[in-house]
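Here is how the chains run, residue by residue.
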Amino acid sequence: MAIFSDEIPDKHLEWISRQKMFWVATAALNGHVNLSPKGCIESFHILNKNRVWYEDMTGSGVETIAHMREPGNARITIMFHAFEGAPRILRMWGTGTVREFGTPEYDALIPPASRKPGSRAAIVIDVHKVATSCGFGIPQYKFIGQRSQLERFCDNLERAEAQVSPAEKASNGIKAWWTAENTLSFDGLPALEQAHDTPLAVKNSYDRNAPQPLTQANSAATAAPPSVKFFDDRLLVAFSFGIATTLAAVKITNLRAR
């Protein structure tokens, strides 16, 4: 049974902070519905019980920003669910506002010292309804680690941007990517308005020399070799039962011989 609230309940704040990902759902008024998974370590923030925001990263699409800016729209739903521990689903319904890179509103939320490579906006959400439900049907998964490919890819684009003056646009830089991929949505709605043309230098906090997160591939390579079982458990039980039966038969035969 779902439990509804007009704000984020206190008892769920710590649980939200421990989740490794969330989902964002939006829709054009007369177009496609969009659903995006988001890795949320250090990117999802709760300002108060009715306002949250997350750092929106560069991608091949820009649907959420376009839907937030469509006149009469701005509808957005955030969903968290537990992959580990007790089952739970939590949804937040609200209206969103875009704080785009290159604006004072963006800088107030994401200063250069904490900005992730590829960060193009902050999506601020005024939450008017929250619901939790059982989550009994969600599979359990073990978290291995965050992928680093997106940050490294965007850091490369931003390094290329640093090779030209801020007033220019590198042909293989992040601003050229934003121009080509992030100014219009799938339905042709306007999305980014100024990040791709801002004269501001693009800076981020990414450390390329930091240890990379453990992933499925390298965790398998470093895992301890599996223990070798010389006997199947069922075979061992059957073998023991056979010995016991044989000993009993021998004992009975000896008794009869007497």
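Notes on the structure follow. (Residues numbered from 1 in each chain as written. Predicted model: local features only at pLDDT ≥ 70, side-chain atom pairs only at ≥ 80, totals over all residues. Heavy atoms only, no water.)

**Quick notes on the environment of Glu55**
For Glu55, the position within the fold is in strand β5 (residues 51-57). Leaving out residues up to four positions away in the same chain, Glu55 has contacts with Ser43, Tyr106, Ile110, Arg115, Lys116, Ser119 and Ala121. From its side chain, Glu55 meets the backbone nitrogen of Lys116 in a polar contact 3.1 Å long. (Helix = DSSP H or I, 4+ residues; strand = E, 2+ residues; numbered from the N terminus. Contact = heavy atoms within 4.5 Å. Polar contact = N/O pair within 3.5 Å; in protein donor to acceptor, adjacent residues only side chain to side chain.)

**Observations regarding helix α4 (residues 149-161)**
Here α4 spans 19 Å end to end across 13 residues, near enough to the 18 Å set by a 1.5 Å rise per residue. Those residues of α4 not exposed but buried are Cys154, Asp155, Leu157, Glu158, Ala160 and Glu161. Structurally, α4 contributes buried residues whose contacts are with β8 (119-133) and α5 (174-181). (Expected span 1.5 Å × (residues − 1). Buried < 20%, exposed > 50% of the residue type's maximum accessible area, 1.4 Å probe, protein only.)

**So, the nonpolar core**
Grouped together as the largest cluster of nonpolar side chains are 39 residues, with contacts concentrated most on Phe44, Ile78, Phe80 and Met92. The set of elements that each furnish at least two residues to this core consists of α1 (13-18), β2 (21-27), β5, α2 (63-69), β6 (75-81), β7 (89-100), β8 and α5. Considering every element that reaches this core, the biggest residue donor is β8, with seven residues. Apart from the residues lying within four places of it in its own chain, the contact partners of Met92 are Ile8, Ile16, Phe44, Val52, Ile76, Thr77, Ile78, Phe80, Val127, Lys129 and Val130. (Core = buried A, V, L, I, M, F, W, Y, C linked by side-chain atoms within 4.5 Å.)

**Points about the pattern of salt bridges**
Summed over all chains, the structure comprises 13 salt bridges. For the salt bridge of Lys129 with Asp6, the shortest nitrogen-to-oxygen distance reads 2.9 Å. With Lys129 in strand β8 and Asp6 in the loop between β1 (3-5) and α1, this residue pair connects regions lying 123 residues apart in the sequence. Looking at Lys129, the relative accessible area reads 29%, which means it is partly exposed. (Salt bridge = Lys/Arg side-chain N within 4 Å of Asp/Glu carboxyl O.)

**Details of the pairing of β6**
Two elements, β2 and β6, share three bridges in a ladder whose sense is antiparallel. Directly across from Ala25, in β6, lies its bridge partner Thr77. Inspection of the sheet shows β6 paired to β7 by seven bridges, in the antiparallel sense. The partner of Phe80 across the bridge, within β7, is Leu90. (Pairing = 2+ DSSP bridges.)

Limitation: the analysis is restricted to geometry and does not speak to function.
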